[in-house]
Amino acid sequence: MTDVEGLKKIVGADWVITQRDQMEAYLYDETTPYQRLTPAEHVVVVKPATAEEISEILKLANRDKTPVYPRGAGTGLVCGAMPTQDGIVLSMERFDKVVEVDKENLMVVAQAGVTLAQLLEAVDGADLLFPPHPGDEGAQVGGMIAANAGGSRAVKYGVVRQYVKGLKVVLPTGEITTMGGKLMKNNTGLDLMQLMIDSEGILGVITEATMRLYPKFSGTATLVVSFEDRHKAIASVPKILQSGVIPMAIEYVDHDVIEFSADNLGMKWPAQQGRAHLILILAGANEDDVYFQAETMSEVCTANGAIDVLIAERQQEQGDILKMRSEIYSAMKPRIAGDSDITVPPANLAKMLDALDAIGEKYDTKIATIAHAGDGNFHPYMLKELIDRGTAEDVKLEIYKAAIALDGVITGEHGVGKIRLKYLQYQMDPKQEEIMRAIKKAFDPNGILNPGAAIR
Ligand SMILES: Cc1cc2nc3c(=O)[nH]c(=O)nc-3n(C[C@H](O)[C@H](O)[C@H](O)COP(=O)(O)OP(=O)(O)OC[C@H]3O[C@@H](n4cnc5c(N)ncnc54)[C@H](O)[C@@H]3O)c2cc1C
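Position numbers for residues count from 1 along each chain, tracking the sequence in the order it is written. Where local features are concerned, this predicted model is filtered to residues with pLDDT of at least 70; where side-chain atom pairs are given and counted, the filter is 80 or more; whole-chain, interface and lining totals use all residues. With hydrogens and water excluded, all non-hydrogen atoms of the structure serve as input to the side-chain values.

Undergrad: Tell me about the layout of surface pockets, residues and numbers included.
TA: Sizing a probe to match a water molecule and rolling it over the atoms shows the empty space that remains. The distinction between a cavity and a pocket rests on a 1 Å grid over the protein atoms alone: a 1.4 Å probe fits inside a cavity but cannot get out, while a pocket stays open yet meets protein on both sides within 12 Å along at least five of seven lines, and a residue with an atom within 4 Å of a point counts as lining. Grid points are joined across faces, edges and corners, and a volume is the space filled by probe spheres set on the points. In this model, the second largest pocket occupies a volume close to 760 Å³. Taken together, 25 residues line the second largest pocket, and the ones lying closest to its centre are Leu129, Arg153, Gln315, Gly319 and Leu322. Of all elements in the fold, only α3 (116-125), β7 (128-129), β12 (219-227) and α9 (315-326) reach the threshold of two or more residues within the lining of the second largest pocket. Broken down by element, the residue count for the lining of the second largest pocket peaks at six residues, all from α9. Along the lines of polarity and charge, the residues of the lining of the second largest pocket split into ten nonpolar, eight polar and seven charged. Domain ranges listed in this record stem from an automatic or a database domain assignment. Of the residues that make up the lining of the second largest pocket, three or more belong to each of domain 2 (98-215) and domain 3 (219-323). Strands here are runs of E lasting at least two residues and helices are runs of H or I lasting at least four, both read from the DSSP assignment and numbered beginning at the N terminus. Throughout this entry, Asp, Glu, Lys and Arg are counted as charged residues, while Ala, Val, Leu, Ile, Met, Phe, Trp, Tyr, Cys and Pro are counted as nonpolar. The remaining residues, Gly among them, count as polar.

Written out as structure tokens, the structure reads:
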């Protein structure tokens, strides 16, 4: 039994929820209903405001061997933040301050519960840029780091890991510690900070992060490149990467999928030709630089079968295109059994698309596909019809096995969470898994923090 009175003493009674009907929003994440697990029955939601309070909560949990589930915004797609055993949901929503935008060092310091939208606004207000853009701007800083979120705009400057320079963390045993800082280099000992990034809430609770910023680019443009043949579209991506111009984003979308997202938002997708599109976000020192990049991209894509290239230069137009892309999952969610997050080396993108088509044909279904193509990261969507036919699980497994056969991985950005543990057997070296379990034990001897997530 969770020590509710003890928790109330630590954070105050107003910040503890015990009534089931008041905690629904804390029991799930954005995983599709078909893939979702069942939350535990006896859950207490706690909302601390300081690292010291979290430390006390974790000490209490160790004393009683009570599971604790760190929770950001719950936008995760692998049930990572879901409480699957009786215990405590530790909501980070009160850690909502952008502490500092440091223009001299080009760094932002933000508490873990700051949302991506808040972060972007604060950074933009200082005329600086935080490039990563995972699709849901409600995601929190702590959640983005614990999941090492990727998203669009990762091709040139990388995923969230590349931005994190310092972390404040409460360890599962209650110690409060700092890793890294406003540093561009740090080779002091083993890099525990890198271990915290993508640790999916099993090694510590992130309370604050220092992240790198960039000056705003003077010129940007978004290209929508249309192809009649989706294979030609995806096969253009390695050619783009080899061209010498590195876009911030190279996104692949099936035409009907992005149009569905646009309709769902009451917006209009600007490209009406072709069955597939690449969305290229370009950023440069000035307009001439961006113009040169756009010309190069246009030439490369046309030489590889593109039938049309649209250029959006106005901020509003570019923002609309990114929005229609970012909201695809929300539009598709009611229609799909699940999505996948496989990643292959960029040169194997076209082979992976062939494999998806072959799997779709075998199971007589369409596998709607979008991809952070510049990162080799596909999100194939399995339609709901597969649940009725009882083949959703088979299709998912075939997709994973096809990715692994192409030197890929079963997850490139959403993580293992609690729904992909059973697929690790197809990918993981047993010795690596043994080392991961030993690391978990070193951080969390009683296994209280987010049990059942990330590692077996
Ligand atoms: C519409 C949509 C689009 C998306 N697009 C992308 C995308 O393009 N790229 C991408 O990578 N992801 C994407 N996601 C997934 C999701 O937004 C990211 O994984 C995000 O990083 C999760 O952040 P969160 O705050 O919602 O975390 P949660 O879902 O609350 O938690 C995720 C994991 O992090 C842990 N955690 C949360 N906060 C902390 C903390 N302070 N300390 C320690 N552990 C913590 C949790 O225990 C859990 O394991 C998308 C999701 C949606 C719904």
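Moving on, there is more to tell.
Undergrad: Explain empty space enclosed by the protein to me, and be specific about the residues and the numbers.
TA: Summed over the entire model, instances satisfying the criterion amount to one cavity of 30 Å³ or more. Looking at the largest cavity, its volume works out to about 30 Å³. In terms of lining, the largest cavity is formed by Thr222, Glu251, Ile279, Ile281, Ile321, Leu322 and Arg325. Secondary structure elements with two or more residues in the lining of the largest cavity: β14 (276-284) and α9. Examining the composition of the lining of the largest cavity, we find that three residues originate from one element, α9, more than from any other.

Undergrad: Give a description of the pattern of salt bridges that names residues and reports values.
TA: Here a salt bridge means any side-chain nitrogen of Lys or Arg lying within 4 Å of a carboxyl oxygen belonging to Asp or Glu. Within this structure, the stated rule accounts for 27 salt bridges. Residue Glu93 is joined to Lys47 by a salt bridge in which the shortest nitrogen-to-oxygen separation is 3.3 Å. Note that Glu93 is positioned in the loop between β4 (87-91) and β5 (98-102) and Lys47 in the loop between β2 (43-46) and α2 (51-64), a separation of 46 residues in sequence. Burial status follows relative accessibility: with a 1.4 Å probe on protein chains alone, a residue under 20% of its type maximum counts as buried, one over 50% as exposed, and anything between as partly exposed. For Lys47, a relative accessible area of 12% corresponds to the buried category.

Undergrad: Give a description of the domain arrangement of the protein chain that names residues and reports values.
TA: With domains assigned, the protein chain is organised as domain 1 (4-91), domain 2 (98-215), domain 3 (219-323) and domain 4 (329-426). Averaged C-alpha coordinates put domain 1 and domain 2 at centres separated by 22 Å. Two residues form a contact once any of their heavy atoms are found within 4.5 Å. With 13 residues of domain 1 at the interface, the matching set in domain 2 holds 13 residues. Summed over both sides, the interface between domain 1 and domain 2 buries roughly 1,100 Å², with carbon and sulfur atoms accounting for 68% of that surface. Taken together, domain 1 and domain 2 are joined by zero salt bridges. Pairing of N or O atoms within 3.5 Å defines a polar contact, subject to two protein rules: one partner must be a possible hydrogen donor and the other a possible acceptor, and residues neighboring in sequence count only if both atoms are side-chain atoms. Viewed at the interface, domain 2 and domain 1 are joined by two residue pairs in polar contact (both at pLDDT 80 or more). Accessible area that two parts lose when put together, evaluated with a 1.4 Å probe and summed over both, is termed the buried area.

Undergrad: Can you break down the nonpolar core residue by residue, with the values?
TA: The tendency in soluble globular proteins is for nonpolar side chains to be buried as a group. Ranked by internal contacts, the top residues of the largest apolar core, which has 64 residues, are Leu119, Phe130, Val141, Ile145, Leu167 and Met211. Broken down by element, this core gets its largest block of residues, six residues, from α2. Not counting residues within four places of it along the chain, the set of residues in contact with Leu167 comprises Ile145, Thr177, Thr178, Met179, Met193, Met196, Ile197, Ile206, Glu208 and Ala209. Among the nonpolar cores identified, the runner-up in size contains 50 residues, and Ile250, Leu278, Ala306 and Met382 belong to it. In plain words, nonpolar cores are sets of buried Ala, Val, Leu, Ile, Met, Phe, Trp, Tyr and Cys residues tied together by side-chain atoms within 4.5 Å.

Undergrad: Any details on the sheet that holds strand β8 (residues 164-170)? Residues and values, ideally.
TA: Read from one edge to the other, the open sheet built from five strands follows the order β5-β6-β10-β8-β9, with strand pairing classed as antiparallel. The open sheet has two free edges, formed respectively by β5 and β9 (176-180), since each of these has just one partner strand. Neighbour-to-neighbour, the strand axes of this sheet turn through a mean angle of 10°, independent of strand direction. Paired strands are those between which DSSP finds at least two bridges. Pairing geometry for β8 and β9, over five bridges, is antiparallel. Counted as the bridge partner of Lys168 is Thr178 from β9. In this fold α3 packs onto β5, β6 (107-111) and β10 (205-212), with an angle of close to 145° to the strand it touches most, β6. Every axis in this analysis is a line fitted to C-alpha atoms, fitted for helices over the stretch in contact. Angles between the N-to-C directions lie between 0 and 180 degrees.

Undergrad: Account for the packing of helix α1 (residues 4-11) against α2, with residues named and values stated.
TA: Running from N to C, α1 and α2 cross one another at 165°; their axes reach a closest spacing of 9 Å. The angle between α1 and α2 falls in the class roughly antiparallel. Between α1 and α2 lies a crossing of right-handed hand. In this structure, α1 contributes Gly6, Leu7, Ile10 and Val11 to the contact, and α2 contributes Glu53, Glu56, Ile57 and Leu60. The residue makeup of the contact of α1 with α2, split by class, is five nonpolar, one polar and two charged. Our angle categories are set so that under 35 degrees counts as roughly parallel, over 145 as roughly antiparallel, 65 to 115 as roughly perpendicular, and the remainder as oblique. Handedness of each helix crossing follows the sense of rotation of the near helix against the far helix: counterclockwise by less than a right angle gives left-handed, clockwise gives right-handed.

Undergrad: Tell me about the packing of helix α6 (residues 230-242) against helix α11 (residues 349-362), and name the residues and values.
TA: Two elements in contact, α6 and α11, have axes separated by 8 Å at closest approach and are oriented at 155°. In this view, α6 runs roughly antiparallel relative to α11, as classed from their interaxial angle. Where α6 abuts α11, its residues Arg230, His231, Ile234, Ala235, Val237 and Pro238 lie against Leu349, Ala350, Leu353, Asp354 and Asp357. Here the contact of α6 with α11 is built from residues that sort into seven nonpolar, one polar and three charged.

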